[in-house]
Amino acid sequence: MPDRILLTGATGLFGSNFVSRLKKNSRYRITAISRNKIFKNSADHRFLKADITDKKEMIRISEKVSPKIIIHTASLGNVDYCQMHQKEAWLVNVEGTRNIIAAAQKVKAWLIFFSTNAIYDGRKPPYGEDSVRKPVDFYGRTKAVSEDDIRRSKISWVIIRLMTMYGWHQNSQRPNPVTWLISQLEKSRSVKVVNDVYNNHLYVGQAIDAVLKVVGLNKKNDTFNIAGSGCISRFDLALKVADKFHFDRKYIFPVSSNFFSRLAPRPPNTCFSTAKMERELKIKPISADEGLDLMKKEMDPG
Ligand SMILES: NC(=O)c1ccc[n+]([C@@H]2O[C@H](COP(=O)([O-])OP(=O)(O)OC[C@H]3O[C@@H](n4cnc5c(N)ncnc54)[C@H](OP(=O)(O)O)[C@@H]3O)[C@@H](O)[C@H]2O)c1
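For the protein chain, an unreviewed UniProt entry supplies the name dTDP-4-dehydrorhamnose reductase. In the Function (unreviewed entry) part of its UniProt record, the protein chain is described as follows: "Catalyzes the reduction of dTDP-6-deoxy-L-lyxo-4-hexulose to yield dTDP-L-rhamnose." Per its UniProt entry, the protein chain bears the Pathway (unreviewed entry) comment "Carbohydrate biosynthesis; dTDP-L-rhamnose biosynthesis."

A.B. asks: Let's hear about the site of the ligand: which residues, and what values?
C.D. replies: Around the ligand, a shell composed of 30 residues is seen, among which Gly9, Gly12, Phe14, Ser34 and Arg35 lie nearest. Among the elements that line the shell around the ligand, the one with the most residues is helix 1 (residues 13–21), at 3 residues. Across the shell around the ligand, the residue classes break down as 10 nonpolar, 17 polar and 3 charged.

A.B. asks: For the sheet that holds strand 11 (residues 222–226), give the residues involved together with the corresponding values.
C.D. replies: By definition, the strands of a sheet pair up through backbone hydrogen bonds, in either a parallel or an antiparallel sense. Taken together, 7 strands build an open sheet; the order of strands is 3-2-1-4-5-6-11 and the sheet is parallel. Single-partner strands in this sheet number two, and they are strand 3 (46–49) and strand 11. Sheet twist, expressed as the average angle between the axes of neighbouring strands with direction ignored, equals 20°. Relative to strand 6 (residues 157–162), strand 5 (residues 110–116) runs parallel, the two being bridged by 6 bridges. Of the residues in strand 6, the one forming a bridge with leucine 111 is tryptophan 157.

Reading guide: rules and limits
Residues numbered from 1 in each chain as written. Predicted model: local features only at pLDDT ≥ 70, side-chain atom pairs only at ≥ 80, totals over all residues. UniProt positions renumbered as here; feature names shortened; annotations may be inferred. Near = placed C-beta within 6 Å. Helix = DSSP H or I, 4+ residues; strand = E, 2+ residues; numbered from the N terminus. Nonpolar A, V, L, I, M, F, W, Y, C, P; charged D, E, K, R; others polar. Pairing = 2+ DSSP bridges. Axes fitted to C-alpha atoms, helices over the stretch in contact; angles between N-to-C directions.

Right under this line is the structure:
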């Protein structure tokens, strides 16, 4: 019997890639939800339109699906949007996650929750699982509150904290640092990229590896920080993207973060320590160069 998974955030960067990767894997039967259904049902996987802020609906769906595992990736992840729309961000990220916890409790499912590098203030990297959490923006605060809600709950849980991710996504979804840059350089647009914000950027395929390892190794009530290798600035990442995808570097200009009058403050360096992910999940983090090569291969598998 395949394991039944209920996935939230079906159309997101992680969700859509997760579903594609498991399309032909008969070990899992996925029911995936988002507010905009964009995939066709197959023999093994089903897609439903649903809103995680609707508690009754979340409980109804989980009772119907009776999943062994709920992978909860749905959230509002745009940091500036969350800063400006705090009520909505709280409703989706905090209350929505509380609804998912209630649904998991009802059917005794194991909950895998996605948190973020934005729970750290970026002043004392590298950040390990036990580093002090001190979010500097509202989005990060919503995730820290949900982490606490999950730890206090009576369900089995795993918290997976993702570093800033990149990879191909559905056209309708929000761009990431790599796809945004490609979309600008394709139009020969000049771009300003910050040279004082550092991350060990995460290729979406490695985030999927981490979830599959957590499931396969039956990890419970534990937290993992998941990232790539190489702590580099957004500007350095941009140069790598230009080189890999054969764009001219001349369109990319370095600026410091205070050049942008953004709504939400940005933590300067939230690079993760990947020691626990390497030791316990046996995942070797890949560099941005390797991740970009994989994206190129996906574009042209031939
Ligand atoms: N991407 C990153 O760099 C990054 C870094 C650290 C942590 N994370 C976390 O990792 C998780 C996955 O990230 P991602 O980049 O894959 O997300 P994403 O691309 O922003 O997608 C978010 C997903 O959530 C769904 N969603 C939003 N509001 C919803 C609601 N009220 N009800 C149901 N579905 C809703 C969206 O679908 P619809 O709009 O169709 O409903 C979409 O499928 C998120 O929890 C994010 O906070 C991401």
